[in-house]
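Commentary on secondary and tertiary structure
Chain residues, written in single-letter form:
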Amino acid sequence: MRQGQWFLGYVGTGTHPQPTPMRPRHKQKDNQMIKKKRRWHCLSGQEPTELDKKVMYWESKGKLVPTRELIKTPEQIEGIRRAGVINTAVLDAVAEAIHPGMNTQQIDDICMDVCRQHDAIPACLNYEGFPKSVCTSINEVVCHGIPKETDILKEGDIVNVDFTTIKDGYYADASRMFIIGGKTTPEKEQLVRVAKECLEIGMEVAKPYSFVGDIGHAIEKHCKKYNYGVVRDLCGHGVGVQFHEEPEVCHYGYRGTGMLLVPGMVFTIEPMINQGTWRVFIDAEDEYGWEVITEDELPSAQWEHTLLMTDHGVEILTY
């Protein structure tokens, strides 16, 4: 008898049974009573659409499917699209101004100025204690780098600028890589290029009724050609009505795993590609506890778009 098992008013202890009060007996649950709650529900009073039928088919096969709330309405999509236009304008302004000798606080100032011009809000500012409006991650900083007057950009640095806009309650998120001064080492140049290829490959694989794992599998396969590490501790995500929604978009993995991708879903693909190991850490002396650094302190690169899944593939909402 296993430890803790009830039998005729005794509980097994692993040695000798000890007398205990009898518990009231309950009717044993029929196995047919135990089942997983459905995530997908058809609209009340309506016949199932072709979309409904496809999602319910995959759910019946045990696959993870979205909830209906993750399928954006036309009104929501237009709101996210407007936020995406502003987000692109923010990063365009950074692209025009970024240069050697500039400090990263100046990048934050540019982002704030463009937001004000469009009556938009930077989503990062004060998000869970993040102190700035934008993430500026230089060389071995993978992501969540905090702008500072003391962080001076030097020729040959590679920097990721990651910005999320809120406009009328809708979110759009993107990041770009910049090579400071226009030239760097061949190793860093290749890393930046391959990281962008990873984003493009992920978008190409993301088809309606494919799976999140298909994206990660394709990205990881491409990185292995260069012996690069795909960061596993951070991922892409649903976005639009909130800053972070389902699904989690891992940039490694296996085909046919993860959530089913359905037209109307909005999410990011944002692979973080390390020149060396995929492992990362946060410096114990980081006053804010945000900046993520490669474990071997070799460079990292990342590109990101917000994407709308359509009946024909993904539409880019932010550049």
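Small disclaimer: the values here were computed from a predicted structure and weren't measured.

Concerning helix α3 (residues 104–117)
Here α3 contains 14 residues, and its C-alpha end-to-end distance of 20 Å stays within 8% of the 20 Å for a straight helix at 1.5 Å per residue. Looking at α3, one finds that the buried residues are Thr104, Gln105, Ile107, Asp108, Ile110, Cys111, Met112, Val114 and Cys115. In this fold, the buried residues of α3 make contact with α2 (74–97), β4 (121–122), β5 (135–138) and β7 (158–167). Once α3 finishes, Asp119 follows within two positions and takes phi at roughly 50°, a positive value.

Description of the environment of Asp162
Secondary-structure assignment places Asp162 in strand β7. Taking the relative accessible area as the measure of exposure, Asp162 reaches 10% and is therefore buried. Apart from residues lying up to four places away in sequence, Asp162 is in contact with Val134, Cys135, Asp173, Ala174, Ser175, Glu270, Gln302 and Glu304.

Some details on the pairing of strand β8 (residues 170–179)
Across the ten residues that make up β8, a large majority, nine, are buried. Relative to β8, β7 is paired through ten bridges, and the arrangement is antiparallel. Residue pairing across strands places Ile158 opposite Ile179, the latter belonging to β8.

Points about the confidence of the model for the protein chain
On average, residues of the protein chain score 91 in pLDDT, and 89% of them are at 70 or above. Contacts of residues 1–22 to residues separated by more than four positions or lying in other chains number 27 contacts, the stretch itself having pLDDT below 50.

Things to note about the sheet that holds strand β16 (residues 300–302)
One open sheet accounts for three strands, arranged β9-β13-β16; its pairing is antiparallel. What marks the edges here is a single partner per strand, and that holds for β9 (229–230) and β16. Here β9 runs beside strand β13 (residues 272–274); their pairing, made up of two bridges, is antiparallel. Across the sheet, Val230 pairs through a bridge with Ile273, a residue of β13. The sheet strands contacting helix α4 (residues 186–205) are β13 and β16, and the helix crosses β16 at an angle near 35°.

Topic: the pattern of salt bridges
Under the definition given, this model contains 15 salt bridges. For the salt bridge of Lys53 with Glu50, the shortest nitrogen-to-oxygen distance reads 3.5 Å. With Lys53 and Glu50 both in helix α1 (residues 50–60) and three residues apart, the pair spans about one turn of that helix. Taking the relative accessible area as the measure of exposure, Glu50 reaches 52% and is therefore exposed. Close ionic contact of Glu78 with Arg81 constitutes a salt bridge, the shortest N to O distance being 3.2 Å. Residue Glu78 and its partner Arg81 are located together in helix α2, separated by three residues, close to a single helical turn. You can call Arg81 partly exposed: its relative accessible area is 24%. Residues joined by salt bridges that share partners form a network here, namely Glu78, Arg81 and Glu315.

Calculation rules
Residues numbered from 1 in each chain as written. Predicted model: local features only at pLDDT ≥ 70, side-chain atom pairs only at ≥ 80, totals over all residues. Heavy atoms only, no water. Helix = DSSP H or I, 4+ residues; strand = E, 2+ residues; numbered from the N terminus. Expected span 1.5 Å × (residues − 1). Buried < 20%, exposed > 50% of the residue type's maximum accessible area, 1.4 Å probe, protein only. Contact = heavy atoms within 4.5 Å. Pairing = 2+ DSSP bridges. pLDDT = per-residue confidence, 0-100. Axes fitted to C-alpha atoms, helices over the stretch in contact; angles between N-to-C directions. Salt bridge = Lys/Arg side-chain N within 4 Å of Asp/Glu carboxyl O.

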